[in-house]
Structure formats: structure tokens, C-alpha cells
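Coordinate inspection notes
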Amino acid sequence: MDNLRIPGPTPLPDEVLKTMSRQMINHRGPEFKQIQDDVLTDLKKLFMTKNDVFLLTGSGTGGLEAGVVNTMSPGDKVLSVSIGVFGDRFAAIAKHFGADVTNLNVEWGKAADPDAVRKALQADPRIKTVLVTHNETSTGVTNDLKAISAVVKEFDKLLVVDAISSLGSIEMPVDDWNIDIAITGSQKGWMVPPGLAMVSVSQRGWQAHAESKIPSFYWDFGKAKDYLAKGQTPWTPAVNVIYGLEVALKMMLKEGLPNIFARHARIAQSVRDGIKALGLSLFAEESHASNTVSSVAGSNGLDTRKLVKIMREQEHVVLAGGQRTLDGKIFRIGHLGWVSDDDIKGFLSSLKKVLPQAGFKGG
Ligand SMILES: *Cc1c(COP(=O)(O)O)cnc(C)c1O
């Protein structure tokens with residue numbers, strides 16, 4: 001079996017695989033209501049929130065679109081804090097629906113500076129909403145969301161966060177950090193397949209929803225709330241992903257939140273230590289290196305595209321390359337969700353073996 005080491009989809013535990021093969025049920029019946037209630041009760045513990053949480057059937061990007069269309073009106077001033085591909089995507093969605101986007105773009109590989117966010121908000125008091133990526137999967141960088149949120153709230157703005165590759169793996173207390181809309185995706189840290197976006201909506205988020213004039217139908221939080229009151233979702237949900245999520249959440253709560261965060265931190269550190277011990281260079285600035293995905297630069301003759309291919313074909317370790325302008329410049333390794341120390345040991349020993357074949361002359 002492959003060692004699937006991309007930043008989502010991740011491998012799935014047997015318990016999750018097994019439960020997902022169960023027979024279908026009526027998604028408008030009492031059994032579904034019970035499962036959804038159970039899932040949402042547990043999800044709120046992981047989000048660390050008392051806000052409303054919804055299961056939306058769609059990929060993470062659908063959740064980002066939902067975050068935009070439910071809170072904005074055409075012409076609204078929005079500050080996009082982008083540190084990579086996914087931050088750019090979030091800005092592009094807002095722009096697509098007519099928001100007037102100011103870009104605070106940070107050099108890829110670095111985190112956003114909360115002071116720069118403060119300056120941008122001072123420069124334009126008309127800004128209503130701030131978009132931020134908590135963990136930028138394309139570069140392997142985690143923003144200091146707590147500090148950024150404190151700045152956003154100094155100015156009393158709406159804060160909409162892409163937490164797709166962080167929630168459930170890296171600490172992100174939605175209520176303590178005043179996140180109005182938090183968005184995550186099932187195939188990242190949640191040990192379930194692709195198919196669900198999970199979002200939380202604060203009181204402030206509901207106010208923005210009431211004022212929003214961007215049309216929405218499928219993603220409308222209002223419909224999601226009305227149907228949730230009946231124990232349903234507005235549209236047919238990804239029932240078996242939800243079966244899986246119910247079991248995965250029990251596993252996560254059994255492990256305990258501090259232990260989940262500590263496991264991700266420990267494993268990420270062992271990845272970074274192992275990479276450096278081989279003479280390779282990390283792409284992300286180390287002070288903000290992500291605990292869910294690591295990025296490695298193609299230094300000392302290393303052909304990262306060739307490396308990804310050799311690792312897959314010879315070692316059955318599946319890595320991710322770089323996206324956009326980082327294609328051919330970095331490779332990435334996912335270490336989120338169902339990941340163990342042994343998975344990383346296997347990755348590092350394979351990497352050591354094949355590096356010379358991929359042109360690497362350092363170390
Ligand atoms: C994966 C990811 C996305 C996109 O999610 P999809 O499920 O592929 O639509 C967006 N933002 C971040 C930070 C991600 O890691």
C-alpha cells in the first residue's frame with residue numbers, strides 16, 4: 001500500500017473505512033437527525049465554539065465560496081491577507097462575486113505580519129471584512145491567527161478564515177480568537193474522505209448574512225439553519241462521509257485535543273529535523289512552519305519533480321509538488337489527520353535512499 005503523504009486526501013483509519021460501507025438511510029429520517037446532531041456536538045468541541053456549525057456537502061473551496069456569498073455585498077471593501085495559492089483563491093472568489101478587494105500579499109514561504117494588517121486597516125476605514133488563511137497548504141506556513149484576529153477585532157471587522165488544513169490538527173479556538181466564519185474541509189485533518197466542508201458562523205457572521213446582497217442558493221447559511229432545526233440539510237448530504245466523520249470525531253475526542261495538537265507538532269518537528277539532517281533546505285520560514293504540511297526547497301541540484309516521481313514509483317511514497325510558480329521549485333509532504341511517527345520514518349528513509357537519483361549533491 002502507498003504511503004500517501006500529500007496534504008489531503010489523507011489515509012483513513014480502518015474504523016472509518018468500515019463504517020462508511022454501511023447501507024444508506026433516509027437523509028430526512030430520524031436516524032440521520034441523530035447522526036448529524038451527534039456529529040455537530042462533537043465538531044463544536046473541535047472548533048472550540050458555541051457558534052452554529054454546518055455540514056455543507058462540497059469540497060473546501062465550496063466552503064470558501066459559502067463564506068463569501070453569505071457575508072458580502074457587491075462593492076463591499078474586503079482586505080485579503082494572502083500568503084500563497086489558497087489565499088489568492090479566497091481573494092479571487094470574493095472578487096468574482098463583486099467585492100472590492102484590497103490585496104495584502106506576502107512573499108511565499110513567509111507568514112503575514114499582524115502590523116501590516118493593522119496598517120492596511122488604518123489606510124482604508126471602509127474595509128468591512130478580512131479574509132485570512134490560517135494554514136497555507138501551498139507553502140507550508142501557518143499564520144499567527146491569534147495576533148491577526150486581535151488586530152482585526154481592534155478595528156471591529158468581520159473575520160472570515162480558511163482553516164481548511166488546520167482545524168482539527170492545529171489549535172484554533174474559534175470563540176477565543178473571535179473567528180466569525182471558520183471553514184474547514186473533510187479530507188484534510190479529519191480522517192475522512194473528501195466531500196464535506198464544515199463551517200461555523202458567529203452572531204456577527206449572522207448579522208453580515210442578514211445584510212449580504214450577493215445571491216446564493218445552494219450555499220445559503222439561512223437555508224442550512226432552517227433545515228438543521230428539522231435535523232436535516234437543505235440538499236442531499238454526503239451521507240457516508242458523515243458516517244465516517246461520526247466515528248473519526250469519536251477517535252479524535254478519545255485522543256483528546258491537546259494530544260492531537262501535540263502529535264501534529266511532534267511529527268512536524270521530526271519531519272523538519274529529518275529534512276535538515278539530510279542537508280535539504282526547508283522552504284517555509286521556520287518560525288511559522290506548519291504542523292500539517294512541510295515544504296522543501298529544490299537546493300543543491302535536487303530536481304523536485306523527478307524526486308516526487310521516483311518516490312512514487314520506487315518507494316510508494318506519494319508526495320505533492322509545488323503549485324503555480326512553486327512548481328518544480330519545492331516538494332511538499334502532508335502530515336495531518338491519521339499520521340503516525342512510523343509513516344514519517346518510512347518517508348525519511350525512502351527520501352534518503354533516492355535523493356542522489358534525483359540529482360541532489362548536498363548533505
Ligand atoms: C485544500 C485546501 C483548499 C481547497 O480545498 P478543496 O477541498 O480542494 O476545495 C483551500 N484552502 C486550503 C488552505 C487548503 O488546504
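Some thoughts on the side chain of H27
The residue H27 is located in the loop between α1 (14–20) and α2 (30–47) in this model. With residues up to four places along the chain from it excluded, the contact list for H27 reads F32, Q232, T236, P237 and V239.

Comments concerning helix α6 (residues 145–154)
All of the buried residues along α6 are L145, I148, S149, V151 and V152. Down the axis of α6, the buried set is contained in an arc of 160°. They therefore lie on one face. Its buried side turned inward, α6 meets α5 (114–123), β5 (129–133) and β8 (158–162). Positive backbone phi, approximately 60°, marks D156, located one or two places after α6.

Re the packing of helix α10 (residues 257–277) against helix α12 (residues 341–354)
Remark: α10 packs on α12, axes separated minimally by 10 Å, with the N-to-C direction vectors making an angle of 10°. When the interaxial angle is binned, α10 and α12 end up roughly parallel. Note on packing geometry: the crossing formed by α10 with α12 is right-handed. In contact with R266, I267, S270, V271, G274 and I275 of α10, α12 contributes D341, I344, F347, L348 and L351.

Some words on the sheet that holds strand β11 (residues 281–282)
Taken together, the 4 strands give an open sheet; going across it, the order is β11-β12-β15-β14, and neighbouring strands pair in antiparallel fashion. One side of each edge strand has no neighbouring strand; the edge strands of this open sheet are β11 and β14 (320–321). Two elements, strand β12 (residues 293–297) and strand β15 (residues 330–334), share 5 bridges in a ladder whose sense is antiparallel. The residue bridging S294 from the neighbouring strand is I333, located in β15. Sitting on the sheet, helix α11 (residues 304–315) touches β14 and β15, and the angle it makes with β15 is about 40°.

Observations regarding the sheet that holds β8
Read from one edge to the other, the open sheet built from 7 strands follows the order β2-β10-β9-β8-β5-β3-β4, with strand pairing classed as mixed. Looking at strand neighbours, the two that pair on one side only are β2 (52–57) and β4 (100–105), the edges of this open sheet. Recorded for the sheet is a direction-independent mean angle of 20° between the axes of neighbouring strands. Here strand β9 (residues 181–185) pairs with strand β10 (residues 196–201) via 5 bridges, running antiparallel. Within β10, the position partnered with T184 by the bridge is M198. Contacts between α5 and the sheet are confined to β3 (77–82), β4 and β5, with β3 contributing the most and set at about 160° to the helix.

Quick look at the site of the ligand
With respect to spatial proximity, 13 residues lie near the ligand, and among them S59, T61, T137, D162 and K188 are the closest. In the environment of the ligand, an oxygen atom lies 2.7 Å from a nitrogen or oxygen atom belonging to the side chain of Q187. Relative to its unbound accessible surface of 380 Å², the ligand loses 88% to contact with the protein. Residues that form the shell around the ligand fall into these classes: 2 nonpolar, 8 polar and 3 charged.

Topic: the domain arrangement of the chain
Along its sequence, the chain is organised into domain 1 (3–8 + 256–358) and domain 2 (14–254). Taken over C-alpha atoms, the centre of domain 1 sits 26 Å from the centre of domain 2. In this complex, domain 1 contributes 26 residues to the contact, which on the side of domain 2 involves 30 residues. For the pair domain 1 and domain 2, the summed buried surface comes to about 2,300 Å²; carbon and sulfur atoms form 63% of the total. Taken together, the connections running from domain 1 to domain 2 amount to 0 salt bridges. Those elements that provide at least two residues to the side of domain 1 that touches domain 2 are α10, β12 and β15. Here the side of domain 1 that touches domain 2 gets 4 residues from one element, more than from any other, and that element is α10. Its residues placed into classes, the side of domain 1 that touches domain 2 shows 12 nonpolar, 11 polar and 3 charged.

A short note on the packing of aromatic side chains
Following the criterion strictly, the structure yields 7 aromatic pairs and no others. With 6.3 Å between their ring centres and 25° between their planes, F47 and W190 make a pair best called stacked. Here W190 lies in the loop between β9 and β10 and F47 lies in helix α2, a separation of 143 residues in the sequence. Measuring from centroid to centroid gives 5.3 Å for F217 and W235, while their planes differ by 20°, and the two rings are stacked. Linking F217 in the loop between α7 (203–211) and α8 (221–228) with W235 in the loop between α8 and α9 (239–255), this pair joins segments that are 18 residues apart in sequence. Residue class for F217 comes out exposed when judged on its relative accessible area of 56%. What links up through ring pairs into an aromatic cluster is the set F217, Y218, W219 and W235.

Considerations on the pattern of salt bridges
Evaluation of the coordinates by the stated rule reveals 24 salt bridges. Put simply, R263 and E255 hold a salt bridge, and the shortest N to O gap is 2.7 Å. In this structure E255 comes out as partly exposed when scored by relative accessible area, which is 27%. Here the salt bridges share partners, and the residues they tie into one network are D38, D42, K45 and K250.

About the thresholds
- Residues numbered from 1 in each chain as written.
- Predicted model: local features only at pLDDT ≥ 70, side-chain atom pairs only at ≥ 80, totals over all residues.
- Heavy atoms only, no water.
- Helix = DSSP H or I, 4+ residues; strand = E, 2+ residues; numbered from the N terminus.
- Contact = heavy atoms within 4.5 Å.
- Buried < 20%, exposed > 50% of the residue type's maximum accessible area, 1.4 Å probe, protein only.
- Arc of directions from axis to C-beta.
- Axes fitted to C-alpha atoms, helices over the stretch in contact; angles between N-to-C directions.
- Parallel < 35°, antiparallel > 145°, perpendicular 65-115°, else oblique.
- Left-handed = near helix turned anticlockwise from the far one by under 90°.
- Pairing = 2+ DSSP bridges.
- Near = heavy atom within 4 Å.
- Polar contact = N/O pair within 3.5 Å; in protein donor to acceptor, adjacent residues only side chain to side chain.
- Areas by Shrake-Rupley, 256 points an atom, 1.4 Å probe, with all protein chains shown as cover.
- Nonpolar A, V, L, I, M, F, W, Y, C, P; charged D, E, K, R; others polar.
- Domains from an automatic or database assignment.
- Buried area = accessible area lost by both parts, 1.4 Å probe.
- Salt bridge = Lys/Arg side-chain N within 4 Å of Asp/Glu carboxyl O.
- Phe/Tyr/Trp six-rings, centres within 6.5 Å; stacked < 30°, edge-to-face > 60°.

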